[in-house]
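For reference, the chains in residue letters:
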Amino acid sequence: MLIGKFVPINSIIHRLDARMKIVSLIFLLVAVISTSTVYGYAAIIMVLTVIIWLSKLSLFAVLSPIRRLWLFFIVIFFMNAFFFSSDNPLFSWWIISFSGEGIRQGIKVVFNVCVVMILGNVLTLSTSPIDMTNALSSLLTPLKLLRVPVEDVAMIINIAIQFVPTILEESNMIRKAQTARGAHFESRKLREKALSFLPLLIPIFISSFRRADELSLAMEARGYRNAKRRTKKAGVPFRVLDVTAVAACFVICIIQIYI
Amino acid sequence: MPIELESVSFAYKSADGSEIQALRDISIKIGDGEFVGIMGHTGCGKTTLIQLMAGLLTPVSGSVLFDGLDINMRDYDRAKLREAVSLVFQFPEYQLFESTVERDVAFGLKHSRQSRDEISERVRWSLEIMGFDFDLIRKKSPLSLSGGEKRRVAIAGALVTKPRYLIFDEPIAGLDQMSRNAFLEIIDELNREGTAVVMVSHNADAISEYCKRVIIFSDGELVTDGAVKEVFSDINKLEELYLNAGTPRTIGHMLSGHGMEISDKATSYDELLFAIKSKLQNVERTLH
């Protein structure tokens, strides 16, 4: 998994409204991309440090996507370093040209991708899937003008996420049941390996459809109509903390753009 | 050649990394040809126990022996265990997947070295035991059958290896009275022919009527292990565990409690009726 699984702890970042977190993330991404000076980078690193510190998440968890993608970073660094067309290359041969600007460009790209991944990771580590889908549906509301069924999409994502543990548990059960009947799941040959998963996949597939059927009937029985506008049990007001966070991110963004 | 559990403990990992103790220091020996019922409340470790017996889980401590060999040793031949011990999970109807009933039932023999004719014969045998007409059902899709039929097909799939041990997890949950009785009669017949049966069930009536031995669990510990006749005659102790000894015995016990001295050994309604009738006849005789 490239993005982290929600870690339920109590921190300022966790308590922030999910909508505001997503908006803040967008501002910060713009800030990162438009940064070009060393001071700008230093400021970004400071902001990042403060966010991680406030989130009370372990550095290990926050940095884990970067740890797993180190090879990717090396590749994009060298791609930039070797193929950046520059007026005064240190040396050039065929299509390869190695230059100071290229190295700088490489560092910049790697830095940007790292920061983007860390910020995204902090968002998913500190926001529960339900909050996330609610926030997405709320932020995508303008798309309703284009007749995009935003609430339905959010509901679908929500249900899908909620059923992941159930399906995992069930696949575990079916795997055991088929093992008890003599199924082998650990064959070496690729073809056999693929075929050996059929006894697992087909029952899970069938039961997922059965469950979806039952769930839709149960939802309708309790009055769910996708055509009707749905209201929330209680609107979540923005608090001072949320507004401050977004304002801070906005200011950082503006400063980075104009400096 | 028994299944033996020697001071077996098992713990599950919970989401936050802590361990949940499911079974504590269990020692049980189940011999050939026995008919054992396992009772206990939901979450007491019954399902964990039978999964350990079938080698689907590895104990945290202690060992599980089959035919005197530790089934969790690295060089143990699991294929032999799978043939000799069949575990039927709760709601086995959800494990069907093949295109025809015949192929699904034969799945357990896929890795055996038997000829096609032998396999076909075995499949016919197990489907007929479960009350199907082999020629009518063999080409049908298992997914097109009714719930009860699916369950019987799934059980036929467990019988196909001719196991010496048949382990069932809640086999009669959700069955109507007729299917329940038919199922229990089939299992009883197999047991009389020499197959050992282990049945996890909440249904005290079924255990009281069919099992010879009953093992009771509570909170991951073995509370009682003994002959059904003895364990179920101590109704007060069962009540302490919030269990009952089956309806006929319970009625007998209640009647005795209300001054009608009849034996509470009746395991079936027939026996209970007979006991009440003879008691009433005695009363009548003394009145005359």
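Cut-offs used in this document
For every chain, the first residue of the written sequence is number 1, and numbering continues from 1 onward in sequence order. Naming scheme: in the order in which they are written, chains are lettered from A and ligands are numbered from 1. The model is predicted, so local features are restricted to residues of pLDDT at least 70 and side-chain atom pairs to those at 80 or more, both for listing and for counting; the totals for chains, interfaces and linings are taken over all residues. Segments assigned H or I by DSSP are reported as helices when at least four residues long, segments assigned E as strands when at least two residues long, and all are numbered from the N terminus. Whether a residue is buried, exposed or partly exposed is read from the other C-beta atoms within 10 Å of its own C-beta, which are placed from the backbone; 20 or more gives buried, 12 or fewer gives exposed, and intermediate counts give partly exposed. Contact criterion: two residues are in contact if their C-beta atoms, reconstructed from the backbone, are within 7 Å. What counts as a domain boundary in this text is fixed by an automatic or database domain assignment. When residues are grouped by polarity, Ala, Val, Leu, Ile, Met, Phe, Trp, Tyr, Cys and Pro land in nonpolar, Asp, Glu, Lys and Arg in charged, and all others, Gly among them, in polar. Under this scheme, a helix contributes an axis fitted over its contacting stretch, all axes are lines through C-alpha atoms, and angles between N-to-C directions fall in the 0 to 180 degree range. If an angle is under 35 degrees, it is roughly parallel; if it is over 145, roughly antiparallel; if it lies from 65 to 115, roughly perpendicular; otherwise it is oblique. Helix crossings get a hand from a simple test, with the near helix turned counterclockwise from the far one by less than a right angle marking a left-handed crossing and a clockwise turn marking a right-handed one. A set of buried residues qualifies as a nonpolar core if it consists of Ala, Val, Leu, Ile, Met, Phe, Trp, Tyr and Cys joined through C-beta atoms within 7 Å. A pair of strands is considered paired only if DSSP assigns at least 2 bridges between the two. In a helix, the anticipated span is given by 1.5 Å times the number of residues less one.

Asks: Explain the overall build of chain A here, please?
Replies: Of regular secondary structure, chain A possesses eleven helices and two strands. Secondary structure elements in chain A, listed N-terminal to C-terminal, are α-α-α-α-α-β-β-α-α-α-α-α-α. Evaluated residue by residue, chain A yields a buried proportion of 21% over its 259 residues. Restricting the contact set of chain A to residue pairs at least 6 apart, pairs at least 24 apart contribute 73%.

Asks: Sorry, what's going on with the overall build of chain B here?
Replies: Across its full length, chain B carries twelve helices and ten strands. Burial status across chain B gives 42% buried among its 288 residues. Within chain B, residue pairs in contact and separated by at least 24 positions form 62% of the contacts whose partners lie at least 6 positions apart.

Asks: Would you mind going over the domain arrangement of chain A with me for this structure?
Replies: Quite often, the size of an interface is put as the accessible area lost when its parts meet. All names here are of chain A. Per the domain assignment, the segments making up chain A are domain 1 (12–142 + 238–258) and domain 2 (150–221). Counting from both sides, the interface comprises seven residues of domain 1 and, opposite them, six residues of domain 2. Tallied by class, the residues present in the side of domain 1 that touches domain 2 amount to four nonpolar, three polar and no charged.

Asks: Just checking my understanding: could you explain the packing of helix 2 (residues 18–34) of chain A against helix 11 (residues 240–258) of chain A for this structure?
Replies: Helix-helix packing: each pair is described by the crossing angle between the helix axes and the interaxial distance. All names here are of chain A. At a closest axis distance of 8 Å, the pairing of helix 2 and helix 11 adopts a crossing angle of 15°. Classified by the angle their axes make, helix 2 and helix 11 are roughly parallel. For the pair helix 2 and helix 11, the crossing hand works out as left-handed. Across the interface between the two elements, Met-20, Val-23, Ser-24, Phe-27, Leu-28, Val-30, Ala-31 and Ser-34 from helix 2 touch Asp-242, Ala-245, Val-246, Cys-249, Phe-250, Ile-252, Cys-253, Gln-256 and Ile-257 from helix 11. Here the contact of helix 2 with helix 11 is composed, by residue class, of 13 nonpolar, three polar and one charged.

Asks: Help me understand the nonpolar core in this model?
Replies: Ile38(B), Met53(B), Ile167(B) and Val198(B) are the most contacted members of the largest nonpolar core, which totals 80 residues. With near-sequence residues (within four places) excluded, Val198(B) lies in contact with Ile30(B), Val36(B), Ile38(B), Ile50(B), Tyr165(B) and Ile167(B). Residues Val32(A), Leu123(A), Ala245(A) and Ile252(A) belong to the second largest nonpolar core, which totals 22 residues.

Asks: Before we go on, may I ask you to explain the interface of chain A and chain B in this structure?
Replies: Contacts between the two partners involve 16 residues from chain A and, on the opposite side, 18 residues from chain B. Where the side of chain A that touches chain B is concerned, the elements lending two or more residues are helix 8 (150–180) and helix 10 (198–221) of chain A. In terms of residue class, the side of chain A that touches chain B is built from nine nonpolar, five polar and two charged.

Asks: Which parts of the structure should I look at to understand the domain arrangement of chain B?
Replies: Residues and elements named next belong to chain B. Split by domain assignment, chain B resolves into domain 1 (3–245) and domain 2 (246–288). For domain 1 and domain 2, the distance between their C-alpha centroids amounts to 35 Å. Tallying the contact residues gives nine residues for domain 1 and nine residues for domain 2. Looking at the side of domain 1 that touches domain 2, the element that brings in the most residues is helix 8 (residues 204–210), giving four residues.

Asks: Could you clarify how one ought to interpret the sheet that holds strand 4 (residues 61–66) of chain B in this entry?
Replies: All names here are of chain B. Spatially, the four strands line up as an open sheet ordered 2-1-4-5, and their pairing is antiparallel. The sheet is open, and its two edges are formed by strand 2 (19–30) and strand 5 (69–70), each paired on a single side. Against the sheet, helix 1 (residues 46–53) makes contact with strand 1 (3–13), strand 2 and strand 4, and its axis sits at roughly 125° relative to strand 1, the strand it touches most.

Asks: How should I be thinking about helix 6 (residues 100–126) of chain A in this particular structure?
Replies: In a regular helix each residue adds 1.5 Å, so 27 residues correspond to 39 Å; helix 6 of chain A covers 39 Å between its end C-alpha atoms and thus fits that length. Of the positions making up helix 6 of chain A, those classed as buried are Gly102(A), Gly106(A), Val115(A), Leu119(A), Asn121(A), Val122(A), Leu123(A), Leu125(A) and Ser126(A).

Asks: Hey, could you run me through the pairing of strand 4 of chain B in this one?
Replies: Side chains on a regular strand alternate between the two faces of the sheet. Residue and element names in this part refer to chain B. Where strand 1 and strand 4 come together, five bridges link them in antiparallel fashion. For Glu-6, the partnering residue across the bridge sits in strand 4 and is Ser-63. Across two bridges, the pairing between strand 4 and strand 5 is antiparallel. Pairing of Leu-65 across the sheet is with Asp-70, part of strand 5.

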